[in-house]
Every structure is written in structure tokens, then in C-alpha cells.
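Understanding the architecture of this molecule
Listed below, chain by chain, are the residues.
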Amino acid sequence: MNYDNVMQLALERGFYFPSCEIYADAQAGFWEYGPSGVSMKTKFIELWRRELVRRDGMLEIDGSQIMSKSVFEASGHLASFADPVVRCINCKLNFRVDKLIFEQTGIEIPESADLTDFDKTVSERNIRCPKCKGEFERARKFNMMFKVEIGPEAEAAYLRPETCQSIFVDFPRLFKTMRGKLPIGVAQIGKSFRNEISPRQSLLRLREFYQAEIEVFCNPNKLNDLDRFAEVQNTTIRLWINNELKAMTCQQAVDSEVLPNKFVAYYLGLLTEFYQKTGIDMTKSRFRRLGEKEKAFYATVAFDFEVQTATGWLELVACNYRSDYDLTSHATKSKEKFEVLDDEQKVLPHVFEISMGIDRSLYTILEHSLREEKEHDRIVLSLKPYLAPVHVGVLSLVKKDGLKEKTDEIFLKMKRKYDAFLDHSGAIGRRYRRLDEVGAPFAITIDHQTLEDQTVTLRKRDEMTQDRVKISEIDKILSESLAFP
RNA sequence: GCGGUGUUAGUCCAGCCUGGCAGGACGUCAGCUUCCCAAGCUGAAGGUCGCGGGUUCAAUUCCCGCACACCGCACCA
């Protein structure tokens with residue numbers, strides 16, 4: 001299905017919708033999750049916890065969204081998480097100065113260069129505004145972090161542009177108090193904030209968005225010394241190297257040196273197994289190795305996990321080998337010690353990062369799960385049962401003859417344990433269609449026979465088949481069918 | 001941020017050219033009917049016509065500005 005189909009489903013069925021939409025000054029790039037969206041997101045996060053955090057024995061934290069200025073001085077975000085721009089004195093339009101210089105002269109200046117380098121080239125080559133031929137003000141940096149002011153003295157602080165900074169900052173305490181031992185993963189789910197110049201396409205590019213980030217701290221001398229690699233050695237991962245797809249097992253990727261070490265291969269394997277369980281079509285996925293110019297300023301090796309969607313290839317996860325960039329920076333700035341003991345040797349850990357975009361992942365799951373069945377005149381969201389916003393619809397075939405009361409009684413017994421949806425009104429077929437659209441894998445219907453023999457019909461979403469089951473068996477059937485894998 | 005196209009009920013859209021009571025379909029809700037896959041009948045609710053200004057006796061309609069959305073460019077999880 002295409003982007004518009006997903007968008008319409010999202011708006012009509014309570015998955016997500018624009019923030020502040022009743023007001024004209026609502027800003028782009030902010031979206032709300034509705035009831036269906038929250039329910040699905042909660043379950044997605046539970047799957048992430050199971051498949052990554054618990055499976056690998058990671059520590060999970062929940063850090064502040066507002067962090068002090070020093071954090072971002074150390075991390076490099078104040079200096080580097082910014083685009084160099086110039087503004088025309090005459091018409092006030094802003095331009096990316098590095099792009100402008102390249103377009104007009106062919107000279108390439110890296111975007112991280114000193115502002116004076118840009119000013120020098122602009123004046124030497126007499127670069128003028130493309131729109132009005134006006135001269136430019138001096139170059140400045142447009143930083144993509146949201147600045148906030150703390151307290152009556154308005155001390156500067158920032159909304160975090162990535163969740164991982166608190167993981168780095170907290171590392172010394174976590175390692176000491178949680179009896180840390182390398183390698184160790186620290187995970188966090190939360191919101192990050194980026195002042196994007198042009199947010200677009202709802203959940204795909206937000207100014208306020210959810211990340212699920214994992215930072216694995218490791219001994220850089222032991223990247224091939226990892227017992228648990230055996231768990232994923234036969235897992236097939238899809239790698240996109242030099243414009244070519246190479247599907248191979250993790251073991252083969254290490255042996256052929258397509259991946260640098262077992263450590264990286266292991267986590268790409270875990271991530272693959274996680275996404276397989278989300279219902280995303282893995283034949284439309286790849287880990288793409290980034291070139292030098294594409295990588296973030298802190299990365300030495302980088303793979304993006306990308307998935308093909310109706311909007312093109314979409315980056316869901318950034319996997320960056322950040323080496324000791326972060327810990328060295330924070331150690332230098334804070335004077336805190338970040339070295340730890342590993343086999344009685346002092347070592348400054350390196351960091352491998354798995355930075356997941358939750359919103360984008362949820363969009364992709366929706367797009368890959370949504371289909372139209374013309375022969376049955378219905379739209380079906382074939383979510384994995386354990387990710388469905390509604391687990392089961394509980395329906396009375398008709399309201400009268402005591403069926404409503406019997407239905408209420410059954411619903412009451414289920415509603416704490418399952419996301420059950422009670423519905424008495426309208427034609428039964430219409431109610432099934434509505435449940436199909438929110439991805440409810442099951443519907444149980446109470447009819448006249450129920451009153452005679454204590455059985456109900458259990459309808460399956462994908463097959464549209466119905467079985468008669470005893471009321472006493474419902475719980476067992478549902479708990480098995482809805483369980484996480 | 002640039003260029004193009006749009007914005008009217010929950011959704012899709014008509015009305016705008018040529019200013020004069022805010023409409024349709026689907027959906028939702030209630031009742032009747034039916035009794036297992038969007039059937040039918042009756043009724044109802046639902047709108048700052050994106051926001052602000054201007055022209056006019058009168059603006060959803062004409063003019064200006066802005067915001068937002070979509071497509072393309074650039075940037076990113």
C-alpha cells in the first residue's frame with residue numbers, strides 16, 4: 001500500500017495525527033499518537049526489550065530530555081550539529097553556504113570548516129545571492145538543537161538531539177553500581193528533538209521523535225572474542241556493499257571480512273532477528289555501509305538498516321562504531337574517569353551504537369502490513385498478533401434475547417488481560433471490517449447457540465475463518481496466539 | 001529553505017471562474033428490520049469553508065500576507 005493509504009488509516013483509526021491541529025500556528029514536524037498508535041507502539045517497545053535488551057542482558061535507563069550545555073560542548077553537537085548558512089542582506093533569504101560556493105565555483109569546502117573560510121571564499125569569488133544578486137551577511141551556523149532557558153536567569157540548556165548522550169554521561173556510575181563487565185549494552189527509549197529545516201511526511205521526519213538507542217561498550221582489543229556470537233552465526237543478514245546486495249550468514253560476513261569483526265556482526269544479527277519479528281518484509285531490507293561523506297561526525301564505521309517503502313528506501317536504524325569519541329570527549333571535559341577494568345587491564349571502552357527510529361519503524365510496519373482485498377471488499381491490517389492495537393473484538397451477534405448481557409459478561413472477564421474491544425451495534429459484517437482495519441487478529445461472537453452450549457465463534461482476521469470454541473477455552477487459545485515469539 | 005500544487009463535516013470531494021441560506025457521498029450515532037462478513041428503511045449529530053488582513057451593502061468565492069500538507073530539490077533517525 002502507498003503512503004496515502006497508510007496516512008488515511010492513521011487518521012481514521014486513531015494511529016497518529018497532527019499535533020495542535022485545531023490551531024493555525026501549529027508547527028510542522030509534530031505528531032500525536034492516538035489510541036491505536038500508542039497500543040501498537042507499546043507492544044513494539046516490548047518486542048524490542050525482549051529481543052535486544054533482555055536477550056543481550058543490557059541495562060535500560062530513562063534520561064532527561066533537557067541536558068546541560070556542557071554535554072553538547074563535549075559531544076560536539078554545539079559545534080558540529082549545525083549547517084553553515086549565509087543570509088542575503090537584501091532579500092533576507094538563507095542559503096547553505098557550502099552548497100552555494102560549490103554550485104557557483106566548484107570549490108568544495110567541508111561543512112565543518114571554520115566560518116571564516118566560508119566568508120573568505122564568498123568575498124574572494126564575489127558570490128552573490130542567486131535570487132536578487134545581493135551581498136551576504138557573514139556566515140553563521142544554524143544549529144539543529146532546540147535551546148531552552150532554565151530558571152529566572154535563563155541558563156542555556158538544550159533538548160537532546162539524540163538519546164544516547166545520557167548513556168555516555170551516566171556510564172561511569174552505571175558501570176560501577178550495576179557491576180558492569182565489558183562488553184555491556186546500555187539502552188534507552190525516549191524522545192529526541194531536532195529543529196529540522198523542513199520536516200515532512202508525518203512520522204518519517206519529525207522535530208520531536210522517539211528513539212530506541214543502544215550503546216554497547218566494549219574492549220576494542222577483543223572485538224572477535226564474543227561467545228554469544230554463536231547464537232547468530234547462522235542468521236542471514238542482507239548487506240549492501242558497493243552497490244550490491246550480499247545476503248550471507250553472520251559467520252560468512254566475518255570470515256569474508258565484509259564486516260570488520262564478530263562484535264559488529266553479532267549486533268547486526270540480533271537486529272535482523274528483531275525486525276523479522278515485527279512483520280516488516282525483510283526481503284525489502286538491507287544494511288547499507290555508509291561512505292566517508294555520509295557518516296555522522298562521530299562515526300568510524302557506519303551501517304544504516306534501510307527498508308524499501310512506498311516513499312523509497314527509508315533508514316530505520318543507524319549502526320555506528322563511535323570508537324572512543326564520546327567517552328574521551330566527556331572524560332576530557334568533565335575530568336570524570338571513564339576507564340574501566342577488563343581482565344585486570346585498564347581500558348577506555350569503545351562504543352558501538354544501534355540507534356533506532358521508532359516512529360519510522362512503526363510507519364513501515366503499518367505500510368508493509370496493510371493490504372486491500374478486493375474480493376472481500378475489505379482493508380486488512382495484518383499485524384503480528386502481539387503487535388496489534390486490539391487483540392480481540394468481543395461482539396454480540398444481536399443485542400436482544402440476552403446476548404448483550406452474555407457478551408458483557410465474557411468481555412468483563414477478558415478486558416484486564418487483553419486489549420479487547422466490545423461492540424454491540426451495527427451489522428456484524430461491518431464490525432468485522434472495522435476490526436480488520438485496526439489489525440485485530442481475532443473476534444469472538446456471541447450468538448444464540450452460546451446460551452445453549454457455552455460456545456462462541458472465533459474468527460481469524462487473515463483467513464476470515466470461524467471456529468466454534470468453548471468459552472472456557474478462550475483464554476488458553478488467546479494467550480497462546482497472542483504471545484510474543 | 002527553494003519551486004510546483006493544494007487546504008470546505010471523521011474521510012473523499014462539489015460549490016469559487018460569474019460574491020447573495022454551507023452541499024453530496026461514505027463513515028459515525030439512535031431506532032426498526034435482519035441474524036455471521038461493509039444489506040435495507042427512518043431519523044440525528046457533525047463546519048471558526050486553514051489563519052490573518054483588505055475590497056464590498058455582502059467573501060467559502062475576489063486581492064494580499066502567513067501557516068500547514070503533498071510532489072520535486074537539499075538535509076536527516
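Parameters and conventions
- Residues numbered from 1 in each chain as written.
- Chains lettered and ligands numbered in written order.
- Predicted model: local features only at pLDDT ≥ 70, side-chain atom pairs only at ≥ 80, totals over all residues.
- Heavy atoms only, no water.
- Helix = DSSP H or I, 4+ residues; strand = E, 2+ residues; numbered from the N terminus.
- Buried < 20%, exposed > 50% of the residue type's maximum accessible area, 1.4 Å probe, protein only.
- Contact = heavy atoms within 4.5 Å.
- Areas by Shrake-Rupley, 256 points an atom, 1.4 Å probe, with all protein chains shown as cover.
- Lys, Arg positive; Asp, Glu negative; His and termini not counted.
- Charge placed at Lys NZ, Arg CZ, Asp CG, Glu CD.
- Axes fitted to C-alpha atoms, helices over the stretch in contact; angles between N-to-C directions.
- Parallel < 35°, antiparallel > 145°, perpendicular 65-115°, else oblique.
- Phe/Tyr/Trp six-rings, centres within 6.5 Å; stacked < 30°, edge-to-face > 60°.
- Lys NZ or Arg CZ within 6 Å of the ring centre and 35° of its normal.
- Near = heavy atom within 4 Å.
- Nonpolar A, V, L, I, M, F, W, Y, C, P; charged D, E, K, R; others polar.
- Domains from an automatic or database assignment.
- Arc of directions from axis to C-beta.
- Salt bridge = Lys/Arg side-chain N within 4 Å of Asp/Glu carboxyl O.
- Pairing = 2+ DSSP bridges.

1. Looking at the overall build of chain A
Looking only at helices and strands, chain A has 15 helices and 26 strands in total. Based on the C-alpha atoms only, the size of chain A along its principal axes is roughly 90 × 65 × 55 Å. Across the 485 residues in chain A, those meeting the buried criterion constitute 52%. Long-range pairs, those at least 24 residues apart, make up 65% of the contacts in chain A with a sequence separation of at least 6. Of the roughly 23300 Å² of accessible surface on chain A, a fraction of 47% belongs to carbon and sulfur atoms. Between the centroid of the 71 positive side chains of chain A and the centroid of its 75 negative side chains there is a distance of 1 Å.

2. Notes on the packing of helix α2 (residues 35-54) against helix α11 (residues 358-369)
Where α2 meets α11, the closest approach of the two axes is 11 Å, and the angle between their N-to-C directions is 110 degrees. By the criterion of interaxial angle, the relationship of α2 to α11 is roughly perpendicular. Taken together, the residues of α11 that come into contact with α2 (itself represented by Met40, Lys41, Phe44 and Ile45) are Ile358, Ser361, Leu362, Ile365 and Leu366.

3. Observations concerning the packing of aromatic side chains
All chains considered together, the criterion is met by 16 aromatic pairs. Their ring planes at 75 degrees and their centres at 6.1 Å tell us that Tyr16 and Trp31 sit as a pair that is edge-to-face. Note that Tyr16 is positioned in strand β1 (residues 16-18) and Trp31 in strand β2 (residues 31-33), a separation of 15 residues in sequence. We classify Tyr16 as buried; its relative accessible area is 1%. Both rings, one in Tyr386 and one in Phe484, keep their centres 5.3 Å apart while their planes meet at 40 degrees; by these two values the pair is tilted. With Tyr386 in the loop between β21 (378-381) and β22 (392-396) and Phe484 in the segment after α15 (474-481), this pair connects stretches of sequence that are 98 residues apart. Members of the aromatic cluster, each reached through a chain of ring pairs, are Phe44, Phe274, Tyr275, Phe287 and Phe305. One cation-aromatic arrangement involves Lys41 over Tyr33; the distance from NZ or CZ to the ring centre is 5.5 Å. Over the face of the ring belonging to Trp240 we find Arg286, whose NZ or CZ atom lies 4.6 Å from the ring centre.

4. Topic: unusual backbone geometry
For the peptide bond that leads from Leu182 to Pro183, omega is -10 degrees, which places it in the cis range. With respect to the secondary-structure elements, Pro183 resides in the loop between α7 (164-177) and β10 (184-193). Look at Arg179: it is not a glycine, yet its phi comes out positive at around 55 degrees. Topologically, Arg179 is positioned in the loop between α7 and β10.

5. Some thoughts on the protein's contact with RNA strand B
The environment of RNA strand B is made up of 47 residues, and the closest members are Arg205, Glu315, Val398, Tyr432 and Arg434. Considering RNA strand B, the proportion of its atoms within 4 Å of the protein that are sugar or phosphate atoms stands at 50%. Of all elements in the fold, only α1 (3-12), β16 (312-323), α13 (428-437) and β25 (455-460) reach the threshold of two or more residues within the surface near RNA strand B. Residue contributions to the surface near RNA strand B peak at seven residues, all from α13. Here the residues of the surface near RNA strand B sort into 17 nonpolar, 11 polar and 19 charged.

6. Quick notes on the environment of Phe421
Mapped onto the secondary structure, Phe421 falls in strand β23 (residues 420-423). For Phe421, a relative accessible area of 42% translates into the label partly exposed. Note: C-alpha distance between Phe421 and Thr332 (89 residues apart in sequence) is 55 Å. Filtering out sequence-adjacent residues up to four positions away, Phe421 remains in contact with Val390, Val392, Gly393, Val394, Phe411 and Leu435.

7. Notes on the domain arrangement of chain A
Domain boundaries in chain A define domain 1 (3-74 + 157-367), domain 2 (82-143) and domain 3 (390-481). Placing the centre of domain 1 and that of domain 2 at their C-alpha centroids yields a distance of 34 Å.

8. A closer look at helix α10 (residues 325-334)
Every buried residue of α10 is accounted for by Asp326, Leu327, Ser329 and His330. For α10, the buried positions fall inside an angular range of 165 degrees around the axis, keeping them on one side. Immediately downstream of α10, the backbone of Lys335 shows phi near 70 degrees, a positive value.

9. Here we look at the pattern of salt bridges
Under the definition given, this model contains 31 salt bridges. Between Lys404 and Asp408 there is a salt bridge, with its nearest N and O atoms 3.3 Å apart. Placement of the pair is Lys404 and Asp408 together in helix α12 (residues 403-414), with a separation of four residues, close to one helical turn. For Lys404, a relative accessible area of 30% gives the class partly exposed. Residues joined by salt bridges that share partners form a network here, namely Arg371, Glu373, Arg378, Asp436 and Arg459.

10. Digging into the sheet that holds strand β24 (residues 442-446)
For sheets, the rule is that strands pair by backbone hydrogen bonds, running either parallel or antiparallel. Strands sit in the order β23-β22-β24-β25-β26 across an open sheet of five strands; the sheet is mixed. The sheet is open, and its two borders are formed by β23 and β26 (466-470), each paired with just one other strand. Here the average twist between neighbouring strands, direction ignored, is 25 degrees. With five bridges connecting them, β22 and β24 associate as parallel partners. The residue bridging Val394 from the neighbouring strand is Ile444, located in β24. Set on the sheet, α12 makes contact with β22, β23, β24 and β25; between it and β22 the angle comes to about 160 degrees.

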